[in-house]
Amino acid sequence: MTIKNVMVIGAGQMGGGIAQVCAQAGYSVTLNDLSQDFLERGMTAIGKNLSRSVEKGRMSEEEKEACLARISRSTDIQDAAHADLIIEAAVENMTVKTEIFKKLDQAAPAHAILASNTSSLPITEIAAATKRPEKVIGMHFMNPVPVMKLVEIIRGLATADEVYQAVEEMTRRLNKAPVEVNDFPGFVSNRILMPMINEAVYTLFEGVATKEAIDDVMKMGMNHPMGPLELADFIGLDTCLYIMEILHEGFGDSKYRPCPLLRKYVKAGWLGKKTGRGFYEYN
């Protein structure tokens, strides 16, 4: 399986980052979203990221321009007809994702691989929305995509070996580190990370320590670069809650029960850095 043309669905922070690293690796990229406004925002963010790399001497101005030239914009999902690999990076919602995969299954050529950047949803269920479950796989990039090396590659129940091998090889070409993971709720990263964050929220909820103290303990005592409450704000408290609910439902174990304080903050609209307030306040 040869991958030359990549389509990325979603021009947000994750999708834009995925499009950027694919273009930097020499792939021809189509960045797709619902509107030109979303695409403009996504391309502006990519341009700023690349300009920072130029300023730091990591690439030349010519390399930056060549990278941008490899990214075309699309608001029509039918443009999947030209792709060898489509990476979906839409909102973390099963209904939305399965609807996108149904459309991609019809629009993409028979040889095309359909990948999801989901951070927690079952690949097997997403694949069941298509007539090519053997060509559906998970590619869970970490945020921020241009910086973070890890990509969890998740096999669905029907994912073919040659599809996995093609995606693993392509991930290495992106200068990323692929790690093979089986299809369980939260995979590896969020199955371990989110309960830790949730427990930190419980520690705050129960008055064990202040938010600053909780984060300091994990940063200075456990050598974490960012405290769990600060990290939750960076990820988005709504995303943290959603993943905890998936873990709780998927395993049926009370240890995954989301902390009531996390629910309260989400209901208040305190979603973290993106809304200006979460466990901390942001200007």
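Model, not experiment: these values are computed from the prediction. (Residues numbered from 1 in each chain as written. Predicted model: local features only at pLDDT ≥ 70, side-chain atom pairs only at ≥ 80, totals over all residues. Heavy atoms only, no water.)

Peer 1: Help me understand the packing of helix H7 (residues 189-205) against helix H8 (residues 211-221) in this model?
Peer 2: Axis angle and axis distance: for two packed helices, these are the angle between their axes and the distance between the axes, and together they describe the pair. In the contact formed by H7 and H8, the axes pass within 9 Å of each other and the chain directions differ by 140°. Judged by the angle between their axes, H7 and H8 are oblique. As for how H7 packs across H8, the hand of that crossing is right-handed. Contacts between H7 and H8 pair Met196, Ala200, Thr203 and Leu204 from the former with Lys211, Ile214 and Met218 from the latter. Its residues assigned to classes, the contact of H7 with H8 shows five nonpolar, one polar and one charged. (Axes fitted to C-alpha atoms, helices over the stretch in contact; angles between N-to-C directions. Helix = DSSP H or I, 4+ residues; strand = E, 2+ residues; numbered from the N terminus. Parallel < 35°, antiparallel > 145°, perpendicular 65-115°, else oblique. Left-handed = near helix turned anticlockwise from the far one by under 90°. Contact = heavy atoms within 4.5 Å. Nonpolar A, V, L, I, M, F, W, Y, C, P; charged D, E, K, R; others polar.)

Peer 1: Just checking my understanding: could you explain the UniProt feature "domain: 3-hydroxyacyl-CoA dehydrogenase NAD binding" (unreviewed entry) in the protein for this structure?
Peer 2: The feature "domain: 3-hydroxyacyl-CoA dehydrogenase NAD binding" (unreviewed entry), as given by UniProt, occupies residues 5-183 in the numbering adopted here. With 41% helix and 22% strand, the stretch residues 5-183 has end C-alpha atoms that lie 26 Å from each other. (UniProt positions renumbered as here; feature names shortened; annotations may be inferred.)

Peer 1: Any chance you could explain the side chain of Arg155 here in plain terms?
Peer 2: Turning to its location among the elements, Arg155 is positioned in strand S7 (residues 150-155). A polar atom in the side chain of Arg155 sits 2.9 Å from the side chain of Asp161. Within the structure, the side chain of Arg155 is placed 2.6 Å from the side chain of Glu180, a separation counted as a polar contact. Apart from residues lying up to four places away in sequence, Arg155 is in contact with Ala160, Asp161, Tyr164, Glu180, Val181, Asn182 and Asp183. (Polar contact = N/O pair within 3.5 Å; in protein donor to acceptor, adjacent residues only side chain to side chain.)

Peer 1: What exactly am I supposed to notice about the pattern of salt bridges here?
Peer 2: Pairing between side chains becomes possible if they bear opposite charge and their charged atoms approach one another. Within this structure, the stated rule accounts for 14 salt bridges. Ionic pairing is found between Glu61 and Lys64, a salt bridge with its closest N-O pair at 3.7 Å. With a gap of three residues between them, Glu61 and Lys64 both fall in helix H3 (residues 61-69), about one helical turn apart. One salt bridge connects Lys211 with Glu212, and the closest N-O pair in it is separated by 3.7 Å. Look at Lys211 and you get partly exposed, because its relative accessible area is 25%. (Salt bridge = Lys/Arg side-chain N within 4 Å of Asp/Glu carboxyl O. Buried < 20%, exposed > 50% of the residue type's maximum accessible area, 1.4 Å probe, protein only.)

Peer 1: Can you walk me through unusual backbone geometry in this structure?
Peer 2: Cis peptide bonds are those with omega within 30 degrees of zero, and the linkage from Asn143 to Pro144 qualifies with 0°. By secondary structure assignment, the location of Pro144 is in the loop between strand S6 (136-141) and S7. Of note, the phi angle at Asn175 is positive, near 65°, even though the residue is not glycine. Topologically, Asn175 is positioned in the loop between helix H6 (161-173) and strand S8 (177-182). Judged by its relative accessible area of 51%, Asn175 is exposed. Even without being a glycine, Phe187 presents a positive backbone phi close to 55°. With respect to the helices and strands, Phe187 occurs in the loop between S8 and H7.

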